[in-house]
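A structural walkthrough
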Amino acid sequence: MPILSVFYGLIIRMQSEKSGKHHIPHIHCIYGDYEIVLDLDGNILEGEIPSNKLKLVEAWITIHHDELIANWKMLSDGDGFFKIEPLK
């Protein structure tokens, strides 16, 4: 699963899952032993992470929403992906 960004110990990954478990555009976020799956509006689909880290991911999603949509489309079309700036 491609890594789109890494910041504050958070690893943001995305994989197109046309016939997978989550049928909508989403990201996977890993933080230590935690993992959460969020749609591109910041809604939790599965899992959990500490609330202070969740707020960082939600802010990052808001800032980079258009880039996340573009990455989802590229991955869905088999055209690869591009890295997204970390939260600073």
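Here we summarise the structure given alongside this text. (Residues numbered from 1 in each chain as written. Predicted model: local features only at pLDDT ≥ 70, side-chain atom pairs only at ≥ 80, totals over all residues. Heavy atoms only, no water.)

1. Details of the nonpolar core
Formed by 20 residues in total, the largest nonpolar core has its most connected members in Met14, Ile27, Val57, Trp60 and Leu68. Elements that contribute at least two residues to this core include exactly β1 (3-7), β2 (10-13), β3 (26-31), β4 (34-39), α1 (51-63) and α2 (65-76). Top contributing element to this core by residue count: α1, with four residues. (Core = buried A, V, L, I, M, F, W, Y, C linked by side-chain atoms within 4.5 Å. Buried < 20%, exposed > 50% of the residue type's maximum accessible area, 1.4 Å probe, protein only. Helix = DSSP H or I, 4+ residues; strand = E, 2+ residues; numbered from the N terminus.)

2. Remarks on the side chain of Asp39
Its location among the elements puts Asp39 in strand β4. On the basis of relative accessibility, which here comes to 10%, the residue Asp39 falls in the buried class. Reaching out from Asp39, the side chain makes a polar contact with the backbone nitrogen of Asp41 at a distance of 2.8 Å. Every residue in contact with Asp39, bar those within four places of it in the chain, is listed here: Ile24, Pro25, His26, Leu45 and Ile61. (Polar contact = N/O pair within 3.5 Å; in protein donor to acceptor, adjacent residues only side chain to side chain. Contact = heavy atoms within 4.5 Å.)

3. A look at the sheet that holds strand β5 (residues 44-48)
Taken in spatial order, the five strands of this open sheet run β1-β2-β3-β4-β5, and their pairing is antiparallel. Looking along the sheet, the strands with just one partner apiece sit at the ends: β1 and β5. Neighbour-to-neighbour, the strand axes of this sheet turn through a mean angle of 15 degrees, independent of strand direction. Sheet topology places β4 next to β5; four bridges connect them, and they run antiparallel. (Pairing = 2+ DSSP bridges. Axes fitted to C-alpha atoms, helices over the stretch in contact; angles between N-to-C directions.)

4. Considerations on unusual backbone geometry
One non-glycine residue, Tyr8, adopts positive backbone phi at about 50 degrees. Given a relative accessible area of 44%, Tyr8 falls into the partly exposed group.

5. A look at the side chain of His64
With respect to the helices, strands and loops of the structure, His64 is situated in the loop between α1 and α2. Among the polar contacts made by the side chain of His64, one reaches the main-chain carbonyl oxygen of Glu85 at a distance of 3.3 Å. In this view, His64 contacts Ile84 and Glu85; residues no more than four positions away in its chain are not counted.

6. Observations concerning the packing of aromatic side chains
Inspection of every chain in the model, using the stated rule, returns two aromatic pairs. Ring centres of Phe7 and Tyr8 lie 6.3 Å apart, and the angle between their planes is 85 degrees; on these two criteria the pair is classed as edge-to-face. Where Phe7 meets Trp60, the ring centres are 5.7 Å apart and the plane angle is 35 degrees; that geometry is what we call tilted. Taken together, the residues Phe7 in strand β1 and Trp60 in helix α1 connect sequence positions 53 residues apart. Through successive ring pairs, a cluster of aromatic residues spans Phe7, Tyr8 and Trp60. (Phe/Tyr/Trp six-rings, centres within 6.5 Å; stacked < 30°, edge-to-face > 60°.)

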